[in-house]
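# Working through the structure, step by step
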Amino acid sequence: EAQSGGSFGPSLDDIGVTRGICVVLGDGRCELALKLARDSDLLIYVQLLPQRDIEQARRIADEAGLYGTRVFVEQGPLTKIHLADNLADAVVVLLKIPDDVEDEVLRVLRPGGKALLGPTKVVVKPFPKGVDDWTHPYHGPDNNPQSQDKVILAPYLTQYLAEPRYAPLPQVTVVSAGRVFKAFGHVAFKEREEPYLNKLVAFNSFNGTILWQRDLAEGVMIHRNTMIATPATLYVGDDKSCKVIDTATGQLKDEIIPPLERAGGTFWKWMGMEDGVLYTLMGEQEQRDDTKRWKREAHGWPWDPISEGFNQPNHPWGFGSNVLAIDPESKKVLWSYREKEPVDGRAICMKNGRIYIFRFGAYFACLDAKTGNVLWRKTPDNAPELFKSLGTYLDRQDWRTNWRTTCYLKCSDKALYFAGPQIGKLLVVSAEDGHILWENSYSNFQLVLRD
């Protein structure tokens, strides 16, 4: 009989979320479920035990026009909620429960989610130790796409499937504190992809709920390292500034625009963050790439044509002459460094207080991240073997070699690794002084560095 409902009816303020998945237990007439569905964007999952309650709840939700779309009702004991671990944003229990039910509630609740257990008890699920953020497009500013997460381990299982099923290209993704931020680019091969052209979208990383979205600067090719996620702030660089965005709401909090005499332009070509300092490669405006709506009806996605910028033989994006260190709070430029010939933004990486910059046929240098001073600098004159081994730039781009916009320099504590579409081999050099350590002649490495 306790399954038929209770007197406790929390408000949306009590629950703490307005979109996502909310579990309601003990709501036999779906009164709370319907109220929450009407007053918010929440998807409501109701679980009941007696068969008569199931039939009644489904009929009530169906008559309200919400059953199977916003309200779902399933049968089962409260000791076994039919949802995956860490999926629900909130759980409301409208009756007294034993401890084993509370354990089950906490199992389905996501970290940071709230459980309202009767009229007085509130539990917020903590984030487990060992959860790793993916703060930069290649995980960190070292460009090594290797997660350090200690919680999600093999064998891997699907957590959820969520929209959009298809989206434009290119795409860039960063993650922090339970939120996924995806920048969707400017090329839609098929009409179904068009709603997300030039969009920045935030998702709940535990269940895929879209939290917010905002427009990106049109014409700016996004497949580069110009997005950094922290728990409270998302940094997004474009042709005019670095946007400082609230991760919870998507609201623009501020913009970072260094003085032109220090930055050499307003276009953010590359970004990295280490120890709370924002590092960037900046420079002049670059070639725009028009938004493409190809309306393609054939199966698959082509590699040619893509867009004017991707189709042309010379690479038009990501080159800048000025490297800067910036305090993101005060927006003060801590130091700036300039190269006469622009740095290739696909070949910058940093780790342990060192920034490595490169340009084919010109230089390979290491900067002190604290001061901007040059620790070492290799050129064809003082390191002919290095530049001979690097060879000439390869303008490759297809399904075998990856996108031309992909980074081709990664670093570990002791070594730097050249590999990718632009390089005809794997070349490894010392992080200490830039001398060659070893190489491998295979020409299509896509590297992940492991301990």
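Anyway, here's the lowdown on the structure attached to this text. Fair warning: this is a prediction, and the values are worked out from it, not measured in the lab. Sequence order sets the numbering: in each chain, residues are counted from 1 along the sequence as written. Local features are withheld for residues below a pLDDT of 70 in this predicted model, meaning they are given only at 70 or higher, and side-chain atom pairs are given and counted only at 80 or more; totals for whole chains, interfaces and linings count all residues. Note: side-chain values were computed over all heavy atoms of the structure, leaving out hydrogens and water.

### Considerations on the overall build of the protein
- Strands are runs of DSSP state E lasting at least 2 residues, helices are runs of H or I lasting at least 4, and numbering of each runs from the N terminus. Summing up its helical and strand segments, the protein has seven helices and 27 strands in all.
- Seen through its C-alpha atoms, the protein measures out along the principal axes to roughly 85 × 45 × 45 Å.
- Note on exposure labels: buried denotes an accessible area under 20% of the residue type's maximum, exposed denotes more than 50%, and partly exposed covers the range between, all computed with a 1.4 Å probe on protein chains only. Here the protein holds 451 residues, and the buried ones make up 55% of them.
- Across the protein, contacts joining residues at least 24 apart in sequence account for 55% of those joining residues at least 6 apart. Residue contacts are defined here by distance: any two heavy atoms, one from each residue, within 4.5 Å place the two residues in contact.

### Brief notes about the pattern of salt bridges
- Every case where a carboxyl oxygen of Asp or Glu lies within 4 Å of a side-chain nitrogen of Lys or Arg is listed as a salt bridge. Per the stated rule, a full pass over the model turns up 27 salt bridges.
- K243 serves as the salt-bridge partner of D238, at 2.7 Å between the closest nitrogen and oxygen.
- The exposure class of D238 is buried, given its relative accessible area of 10%.
- Given the relative accessible area of 16%, K243 is considered buried.
- Between E341 and R359 there is a salt bridge, with its nearest N and O atoms 3.9 Å apart. With E341 in strand β19 (residues 333-344) and R359 in strand β21 (residues 354-359), this pair connects stretches of sequence that are 18 residues apart.
- Because the salt bridges share partners, they merge into one network encompassing D85, E104 and R107.

### Let's talk about unusual backbone geometry
- Residue P164 follows E163 across a cis peptide bond; omega there is 0 degrees.
- Inspection of the secondary structure assignment puts P164 in the loop between β6 (121-124) and β7 (169-176).
- Geometrically, the link from L169 to P170 is a cis peptide bond, its omega value of -10 degrees lying close to zero.
- Along the chain, P170 falls in strand β7.
- At H139, a residue that is not glycine, the phi angle is positive and equals roughly 85 degrees.

### So, the environment of T233
- By the element assignment, T233 lies in strand β12 (residues 233-237).
- When the C-alpha atoms of T233 and A248 are compared, they prove to be 8.5 Å apart, with 15 residues separating the residues in sequence.
- Apart from residues no more than four positions distant in its own chain, T233 is found in contact with I228, V244, I245, T247 and K253.

### Points about helix α3 (residues 51-63)
- Here α3 contains 13 residues, and its C-alpha end-to-end distance of 18 Å stays within 8% of the 18 Å for a straight helix at 1.5 Å per residue.
- Here α3 has its buried residues at D53, I54, A57, I60 and A61. Viewed end-on, α3 has its buried residues packed into an arc of 140 degrees, placing them on one side of the element. Residues R52 and E63 are exposed on α3 and point more than 90 degrees away from its buried face.
- On its buried face, α3 sits against α2 (31-39), β2 (41-48) and β3 (71-75).
- Where α3 ends, the next residue or the one after it, G65, has phi of about 75 degrees, a positive value. Here a helix's expected span is defined as the number of its residues, less one, multiplied by 1.5 Å. Summarising the geometry, the arc corresponds to the directions from the helix axis toward the C-beta atoms.

### A word on the side chain of K378
- Tracing the backbone shows K378 in strand β23 (residues 374-378).
- Of the buried charged residues, K378 lacks a salt bridge, with D433 as the closest side chain of opposite charge at 5.6 Å.
- Any N or O atom pair separated by 3.5 Å or less is treated as a polar contact, with the protein-specific requirement of one donor-capable and one acceptor-capable atom, and with residues adjacent in sequence counted only for side-chain atom pairs. A polar contact is formed between the side chain of K378 and the backbone oxygen of D433, at a distance of 3.2 Å.
- Not counting the four nearest positions on each side in its chain, K378 is found in contact with A362, Y363, F364, A383, L386, F387, D433 and G434. All tallies of charge rest on Lys and Arg as positive and Asp and Glu as negative; His and the ends of each chain are not included.

### Points about the nonpolar core
- Ranked by size, the top nonpolar core spans 26 residues in total, and within it C22, C30, I44, V46 and V71 carry the most contacts.
- Of all elements in the fold, only α1 (12-15), β1 (19-25), α2, β2, α3, β3 and β4 (88-93) reach the threshold of two or more residues within this core.
- Per-element accounting of this core gives the leading share, five residues, to α2.
- Among the nonpolar cores identified, the runner-up in size contains 21 residues, and F387, L416, F418 and A431 belong to it. Grouping buried Ala, Val, Leu, Ile, Met, Phe, Trp, Tyr and Cys residues that are joined through side-chain atoms within 4.5 Å yields what is termed a nonpolar core.

### Quick look at the sheet that holds strand β24 (residues 409-411)
- The four strands are arranged β24-β25-β26-β27 in an open sheet whose pairing can be described as antiparallel. Every other strand in the sheet has two partners, leaving β24 and β27 (436-440) as the edge strands with one partner each. On average, each strand axis in the sheet is tilted by 20 degrees relative to the strand beside it, whichever way the strands run.
- Between any two strands, at least two bridges found by DSSP are needed for them to pair. Alignment of β24 against strand β25 (residues 415-418), held across three bridges, turns out to be antiparallel. Orientation is described by lines fitted to C-alpha atoms, with helices fitted over the stretch in contact, and by angles between N-to-C directions that extend from 0 to 180 degrees.

### Remarks on the sheet that holds strand β15 (residues 267-274)
- One open sheet accounts for four strands, arranged β15-β16-β18-β19; its pairing is antiparallel. Two strands lie at the open edges of the sheet, namely β15 and β19, each paired on one side alone. If you compare each strand with its neighbour and ignore which way they point, the axes differ by 20 degrees on average.
- Here strand β18 (residues 319-326) pairs with β19 via seven bridges, running antiparallel. Across the sheet, residue L324 finds its bridge partner in β19, namely S336.

### Brief notes about α2
- Those residues of α2 that fall on the buried side of the exposure criterion are L32, A33, L34, L36 and A37.
- At its buried positions, α2 is contacted by α1, β1, β2, α3, β3 and β4.

### Observations regarding the pairing of strand β14 (residues 252-256)
- Taken together, the four bridges between strand β13 (residues 242-246) and β14 define a ladder with antiparallel strand orientation. By the bridge assignment for β14, C242 is matched with I256.
- Between the end of β13 and the start of β14, which pair antiparallel, lie five residues, with G250 showing a positive phi angle near 80 degrees.

### Side note on the layout of surface pockets
- The space that makes up the second largest pocket amounts to roughly 340 Å³.
- Two kinds of site are reported from a 1 Å grid over the protein atoms alone, namely cavities, where a 1.4 Å probe fits but cannot get out, and pockets, open sets with protein on both sides within 12 Å along at least five of seven lines, and residues are called lining when an atom falls within 4 Å of a point. Lining the second largest pocket we find 17 residues, and of these V17, R110, R179, L211 and A248 sit closest to its centre.
- Sorting the residues of the lining of the second largest pocket by element identifies α1 and β5 (109-117) as the ones contributing at least two each.
- Amino acids are sorted into nonpolar (Ala, Val, Leu, Ile, Met, Phe, Trp, Tyr, Cys and Pro), charged (Asp, Glu, Lys and Arg) and polar (every other residue, Gly among them). A breakdown of the residues in the lining of the second largest pocket according to their chemical character gives eight nonpolar, four polar and five charged. Grid points are joined across faces, edges and corners, and a volume is the space filled by probe spheres set on the points.

Note that all results are geometric; they support no functional claim without further evidence.
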